[in-house]
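Chain residues, written in single-letter form:
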Amino acid sequence: MTARNIIVGLACIAIIVLAAMAWIVLGPGPMAFAPGSTVAIASAGSDPSGVPKELAGGDVIKRGEYLAHAADCLACHTGKDAQAYAGGFAFNLPMIGTIYSTNITPDKETGIGNYTDAQFLAAVHRGKRQDGQNLYPAMPYASYTYMTDADALAIKAYLFTLPAVHAPARANRLNFPFNQRALLTAWNMFFSPDTRFAVNAAQSPEWNRGAYLSEALGHCGECHTPRNLMYALDNRQKFAGALTAGWRAYNISADAKAGLGAWSDASLTSYLATGHAEGHGGAAGPMGEASDNSLTYLTAGDIHAMVVYLRSVPAAASNLPHVITVPAPASFREGVTAGLDKRGEKLFAGACASCHDWTGKGQLTTFATLTGARSVNDPSAVNVAQTVMNGIDRKTAAGNVFMPSFGNAYTNAEIAQLANYVTARFGPEGAHLTEKGVQSLRDQAAQR
Amino acid sequence: MVTLQINGQSQTIDATPDTPLLWALRDFLGLTGTKFGCGIAQCGACTVHMDGKAVRSCLLTIGSVGNRAITTIEAVGNTPNGAKVQKAWLDIEVVQCGYCQSGQIMSATALLNKTPHPQDADIDAAMAGNLCRCGTYTRIRQAIKNAAKA
């Protein structure tokens, strides 16, 4: 090989690498899919930020409370069995390590009691701590950056009315080099937009309000949009679904098979407003929390705006097969493919059939209906296994919705057998979850 | 106030709709034959019938029952299969401590309502959710078979 060939070869490699990096770095923003040009809120005809009209007369703390619910600060800033907003929630990132959320009660020593308005905005919009260090993007500042200053400061005003809890931050357990916060300066250069929401004049006021709620506040994409190699959201596959904290955040794009394309507006409205839609199942795990802590607090008008916005997101395919919408046969003898591990059936008979029935449509409550639920129609069985392990404990307007957790009762092998049986019986194809796979799901969702 | 159809009678209960049926039966109506076991639908002691099918009354809220007919252990003997099951239970003295047995009888009767001549696998599938810590399972299986022949 001549020196010239080597140089040409290296140059080609360099160009390919640079092009790949540019492809990742120059990814579109979360709302770039929508046609139309944008203008700053100040110069637009309508303002999609703030609280809905019916609450606009309230004081800043009331407004901040609504916005804090909409932004769902609580879910991540509350650890297991800990006081609200006092931090300690574990984000387990495979290969990277564990990050713990921090105390955002107004405690001066361990919380945010000494944060000035400017410091609070720096954290929410740019991921900068009070001491100038970088926050990890587990704090969704790449989404919250679209929030207006007024809304972020209303949230701060509300947080400052909470009881101060003395709860020092738990030390993160991160592998090198991820334990080097300084490296995030480079990440921020590419993936922290540091820009406020801009109104898309070509879209309706409802759409803009829905976009503000879904992107700046609700940060739906942080779970529902896949991430690229650099762990930033890949909006080329916006809302195509992703595995987050060991749970499947489903495809919520317009895709007819895997996404929301086949959902009626009424179903989508019901799911967002209550965490449940007849024929589609109910929210569990992190989405159950998002429902109970955040979405159920939104006004009907805001839910409608989110429906309008979600409907506009283009279809992004993902490999979820069609959804089975008819109940399974009434007899345990029928329906399930032969040759399946009988232990799954035995577990189902003992622990599940009394509420869910062999048909999947139990008599207890429609919240327990398995028919049509995405969990049982997802051949990875990820959320079936997680729900079996963690159970369901939701506070809904219709009362508590409860399913016991079996994570400490069953071995990983048993949970895999049960999840494989359930997906085979009620979905289009049975899962092939293994003992090891279940352990991995446990590890990702673990709070310890 | 919630109105329920229990053992053929209309009963009005002064409780919120999210009250479990088991509480309504035991605490409001004094029908204490139905037992509280685990409270999470995992043991079967609280089993009653709703339109002839076995349900766990500890997780069934009275607000979701509507007009569907509830039958408890106190009245299941008035149904043909219930009478057969209760006789079969006494004939071979299934019961040891007895705490789970009203639930066992309700599940066994519901099984015969659906499957008049159950095989072992049918019995397993229908009865697996009813636990008995005395271990009367073999006599339960036999009594169900005897009731099916009666």
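Conventions used here
Residues numbered from 1 in each chain as written. Chains lettered and ligands numbered in written order. Predicted model: local features only at pLDDT ≥ 70, side-chain atom pairs only at ≥ 80, totals over all residues. Heavy atoms only, no water. Axes fitted to C-alpha atoms, helices over the stretch in contact; angles between N-to-C directions. Helix = DSSP H or I, 4+ residues; strand = E, 2+ residues; numbered from the N terminus. Parallel < 35°, antiparallel > 145°, perpendicular 65-115°, else oblique. Left-handed = near helix turned anticlockwise from the far one by under 90°. Contact = heavy atoms within 4.5 Å. Salt bridge = Lys/Arg side-chain N within 4 Å of Asp/Glu carboxyl O. Buried < 20%, exposed > 50% of the residue type's maximum accessible area, 1.4 Å probe, protein only. Buried area = accessible area lost by both parts, 1.4 Å probe. Polar contact = N/O pair within 3.5 Å; in protein donor to acceptor, adjacent residues only side chain to side chain. Nonpolar A, V, L, I, M, F, W, Y, C, P; charged D, E, K, R; others polar. 1 Å grid on protein atoms, 1.4 Å probe; cavity = no way out; pocket = protein on both sides within 12 Å on 5 of 7 lines; lining within 4 Å. Points joined across faces, edges and corners; volume = space filled by probe spheres on them. Domains from an automatic or database assignment. Pairing = 2+ DSSP bridges. Expected span 1.5 Å × (residues − 1). Core = buried A, V, L, I, M, F, W, Y, C linked by side-chain atoms within 4.5 Å.

**Structural notes on the packing of helix H2 (residues 80–91) of chain B against helix H3 (residues 101–114) of chain B**
All names here are of chain B. Contact geometry of H2 with H3 gives a least axis separation of 9 Å together with a crossing angle of 130°. With respect to each other, H2 and H3 are oriented oblique. In the packing of H2 onto H3, the handedness of the crossing is right-handed. Here Asn81, Gly82, Val85, Gln86 and Trp89 of H2 lie close against H3, whose contacting residues are Gln101, Gln104, Ile105, Ala108, Thr109, Leu112 and Asn113.

**Quick look at the pattern of salt bridges**
All names here are of chain A. What the rule picks out here adds up to 19 salt bridges over all chains. Between Lys156 and Asp117 there is a salt bridge, with its nearest N and O atoms 2.8 Å apart. Highlighted residues: Lys156 in helix H6 (residues 149–159) and Asp117 in helix H4 (residues 117–126), separated in sequence by 39 residues. Here Asp378 ties to Arg248 by a salt bridge, and the two come within 3.4 Å at their closest N and O atoms. Placement of Asp378 in the loop between helix H14 (374–377) and helix H15 (382–390) and of Arg248 in strand S7 (residues 247–249) is noted, with a sequence separation of 130 residues between them. Assessed through its relative accessible area of 5%, Asp378 is described here as buried. We classify Arg248 as partly exposed; its relative accessible area is 27%.

**Some words on the interface of chain A and chain B**
Facing 14 residues of chain A, the contacting portion of chain B comprises 19 residues. Between chain A and chain B, the buried area comes to about 1,600 Å², and carbon and sulfur atoms account for 55% of it. Our count for the chain A to chain B interface comes out at one salt bridge. Linking Asp122 of chain B and Arg333 of chain A is a salt bridge whose minimum nitrogen-to-oxygen distance equals 2.7 Å. Where chain A packs against chain B, one counts five residue pairs in polar contact (both at pLDDT 80 or more). Ranked by residues supplied to the side of chain A that touches chain B, first place goes to helix H13 (residues 342–356) of chain A with five residues. Of the residues that constitute the side of chain A that touches chain B, the class distribution is 10 nonpolar, three polar and one charged.

**As for the layout of surface pockets**
Residues and elements named next belong to chain A. If you add up the space inside the second largest pocket, you get close to 860 Å³. Looking at the lining of the second largest pocket, the elements with two or more residues in it are helix H3 (73–77), strand S3 (97–100), H4 and H6. Its residues assigned to classes, the lining of the second largest pocket shows 24 nonpolar, 10 polar and seven charged.

**Points about the domain arrangement of chain A**
Residue and element names in this part refer to chain A. Once the domains are mapped, chain A shows domain 1 (51–196), domain 2 (201–312) and domain 3 (342–445). Of the residues lining the interface, 24 residues belong to domain 2; the matching set on domain 3 comes to 22 residues. Regarding the contact of domain 2 and domain 3, the summed buried area is about 1,700 Å², with carbon and sulfur atoms giving 46% of it. Together, Trp247, Tyr250 and Asp292 form the three largest contributors to the area buried by domain 2 at its contact with domain 3, with a combined 33%. Joining domain 2 to domain 3, the criterion identifies two salt bridges. Here Arg394 makes a salt bridge to Asp292, at a shortest N to O gap of 2.9 Å. In this assembly, domain 2 and domain 3 are joined by 16 residue pairs in polar contact (both at pLDDT 80 or more). For the side of domain 2 that touches domain 3, the secondary-structure elements that each account for two or more residues are S7 and helix H11 (285–293). Of the residues assigned to the side of domain 2 that touches domain 3, the class counts are 10 nonpolar, 11 polar and three charged.

**Some remarks on the domain arrangement of chain B**
Residues and elements named next belong to chain B. Structurally, chain B comprises domain 1 (2–71) and domain 2 (77–149). Just the C-alpha atoms count here: the centres of domain 1 and domain 2 sit 20 Å apart. Of the residues lining the interface, 17 residues belong to domain 1; the matching set on domain 2 comes to 11 residues. For the pair domain 1 and domain 2, the summed buried surface comes to about 990 Å²; carbon and sulfur atoms form 52% of the total. On the domain 1 side of the contact with domain 2, Lys35, Cys43 and His49 bury the most area, a combined 36% of that side's loss. The interface formed by domain 1 and domain 2 holds zero salt bridges in total. Where domain 1 packs against domain 2, one counts seven residue pairs in polar contact (both at pLDDT 80 or more). Elements represented by at least two residues in the side of domain 1 that touches domain 2 include exactly strand S3 (47–50) and strand S4 (53–56). Its residues placed into classes, the side of domain 1 that touches domain 2 shows five nonpolar, nine polar and three charged.

**Some words on the pairing of S4 of chain B**
All names here are of chain B. Where S3 meets S4, four bridges bridge the pair, whose relative direction is antiparallel. Among the inter-strand pairings, Met50 is bridged to a residue of S4, identified as Lys53. The antiparallel pairing of S3 with S4 creates a hairpin that spans two residues between the two strands, and Asp51 there sits at a positive phi of about 50°.

**Describing helix H2 (residues 60–71) of chain A**
Residue and element names in this part refer to chain A. The first and last C-alpha atoms of H2 sit 16 Å apart over 12 residues, in line with the 16 Å expected at 1.5 Å per residue. Next to the buried residues of H2 lie H3, helix H5 (141–144), H6, helix H8 (205–217), H11 and helix H12 (300–312). Once H2 finishes, Asp72 follows within two positions and takes phi at roughly 50°, a positive value.

**Overview of the nonpolar core**
All names here are of chain A. With 70 residues, the main nonpolar core has Tyr85, Met147, Ile155, Leu159, Leu217 and Leu272 as its most contacted residues. Both domain 1 (51–196) and domain 2 (201–312) contribute no fewer than three residues apiece to this core. Residues within four places of Met147 in sequence aside, it is in contact with Val124, His125, Ala152, Ile155, Arg196, Tyr212, Ala216 and Leu217.

**Considerations on the sheet that holds strand S2 (residues 90–93) of chain A**
Residue and element names in this part refer to chain A. Spatial strand order, S2-S3-S4: three strands in an open sheet with antiparallel pairing. Two strands lie at the open edges of the sheet, namely S2 and strand S4 (173–174), each paired on one side alone. In the sheet, S3 pairs with S4 via two bridges, with the strands oriented antiparallel. Residue pairing for S4: Gly97 is matched across the bridge by Leu174.

**Looking at helix H1 (residues 21–28) of chain B**
Residues and elements named next belong to chain B. What H1 keeps buried is the set Leu21, Leu22, Ala24 and Leu25. Residues of H1 that are buried make contact with strand S1 (2–6), strand S2 (9–13), S3 and strand S5 (69–71). In the segment just after H1, Gly30 is the residue with positive phi, at about 70°.

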